Amino acid sequence: MVKKIFTTAIIVGILGICFVPEVYSAEKLTRKQKKEISLLNNAKINFDNKQYDLSAEYYTKAIMVNPENPESYAKRGNARFLMGNYNDAVVDYTKAIELDSKRENLYYNRGIAKANLNLYEDVIDDYTKELELNPVNVNAYLNRGSTHVIMKRYDEAIKDFSIAIGLDSKNELAYYNRGIAKRNKGDYKGAIEDYSKVIELDSKNVDAYNNRGVAKYYLKDFNGAIADYSKVLELDNFFKQAHYNRGIAKLGLQKYDDAITDFNKELEINPKSDLAYYEIGIAESRLDHHTAAIDAFTKAIELNPNNAEYYTQRGALISRTDGDLQKAKEDLIKAIDLDANDSEKYLTRAIIFCKLNMYLPAIDDLNIVIKMDEKNPQAYDLRSYAIGS
């Protein structure tokens, strides 16, 4: 009757944004060029010392000496990028491209800067132009693929990562990111294959084990997921949400006591994990430990009072166990205030209304349920009962 909600791991973010500086080529020197090169050398020294603000100042002086040198704009763009001045970096890379549109890595670096400004369509265009200049740039394929993932264009992302793998068959990042794209597309078996390849290349890649565990969970291979999460914890006992994820998989096997143990371990690491308390509530309710379950749901609500499901589960459990029906009603009112698009919440509240002999509001809720889900037989049966009462 109550929707069963199990929260799984958040997929690790897309990796692989690389940074490629340009290479300066010295020409036959004039007096003016010597001054320019002196400024460029000082800029490079400061850049190498991570004094990016000073480096940018020297590149600006070099540009004043020779405003037609694309190298100065490109490198000032690099310094500005590393200072976090992405808009200014884009301006510099654009000027460098105007002066030398065939130069490799300018479009690439501008693409990275635009990615930090969330200009994803422009980012795709820049990586594509970079690949026209250098069709074997593995990093450009990786970054374009990563951008496609952000834009939820998973087929395009998979194509880019596959090309990168064709160019470099041992590129962990390409397999890893392709696994993310496949997982987001719902191809869990394909994702597992890619994460397994990452693990073959690096047996200590904790993120690959974690994400493979997620994919196995979605395939209901709970034992496989537990094995992967256990490996994560072997490699890093403080890995974010690993105990939590393993607990979720144990819930899938109905090993409720073991799941509670893992959720409590998660709370030792992260005492403010409302998700862990919520899942403890789920496990305790399956064990018919109603008081413990209600206490856990209450703690989850204290930590995160804006999660509708927490109120729903607590209110439904109070109702099922003939507890304080007024409190149960308040929980479902709050749950629906937070999420008015879930028919199960209205159905649960209607049941509570019927128990309180509040048949008119129960009928109103059941009409909403039927409008949302016209094939819900329980709603029709309960509405007939309420009308007859």
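Values in this document were obtained by computation on a predicted structure and should not be read as measured data.

Caption draft 1: How the structure looks around the side chain of K216. Here K216 lies in helix 11 (residues 206-218). Residues in contact with K216, not counting those within four places in the same chain, are I192, D221, G224, A225 and D228.

Caption draft 2: Examining the packing of helix 19 (residues 343-355) against helix 20 (residues 359-372) more closely. Between helix 19 and helix 20, whose axes approach to 8 Å, the crossing angle comes to 160 degrees. Taken as axis vectors, helix 19 and helix 20 run roughly antiparallel relative to one another. Like other packed secondary-structure pairs, helix 19 and helix 20 cross with a definite hand, here left-handed. Residues S343, Y346, L347, R349, A350, F353 and C354 of helix 19 touch helix 20, and the partners they reach there are Y359, P361, A362, D365, L366, I368, V369 and M372.

Caption draft 3: Up close: helix 5 (residues 106-115). Judged by how many residues are buried, helix 5 sits mostly within the fold: ten of ten residues are covered. Listing the buried residues of helix 5 in full gives L106, Y107, Y108, N109, R110, G111, I112, A113, K114 and A115. Contact partners of the buried residues in helix 5: helix 3 (70-82), helix 4 (86-99), helix 6 (120-133) and helix 7 (138-150).

Caption draft 4: Region of the structure containing the packing of aromatic side chains. Enumeration over the complete set of coordinates arrives at eleven aromatic pairs. Their ring planes at 10 degrees and their centres at 5.1 Å tell us that Y188 and Y218 sit as a pair that is stacked. Residue Y188 is located in helix 10 (residues 188-201), and its partner Y218 is located in helix 11; the two are separated by 30 residues in the primary sequence. Ring centres of Y359 and Y385 lie 6.2 Å apart, and the angle between their planes is 75 degrees; this geometry places the pair in the edge-to-face category.

Analysis parameters
- Residues numbered from 1 in each chain as written.
- Predicted model: local features only at pLDDT ≥ 70, side-chain atom pairs only at ≥ 80, totals over all residues.
- Heavy atoms only, no water.
- Helix = DSSP H or I, 4+ residues; strand = E, 2+ residues; numbered from the N terminus.
- Contact = heavy atoms within 4.5 Å.
- Axes fitted to C-alpha atoms, helices over the stretch in contact; angles between N-to-C directions.
- Parallel < 35°, antiparallel > 145°, perpendicular 65-115°, else oblique.
- Left-handed = near helix turned anticlockwise from the far one by under 90°.
- Buried < 20%, exposed > 50% of the residue type's maximum accessible area, 1.4 Å probe, protein only.
- Phe/Tyr/Trp six-rings, centres within 6.5 Å; stacked < 30°, edge-to-face > 60°.

In short, geometric facts, not functional conclusions.
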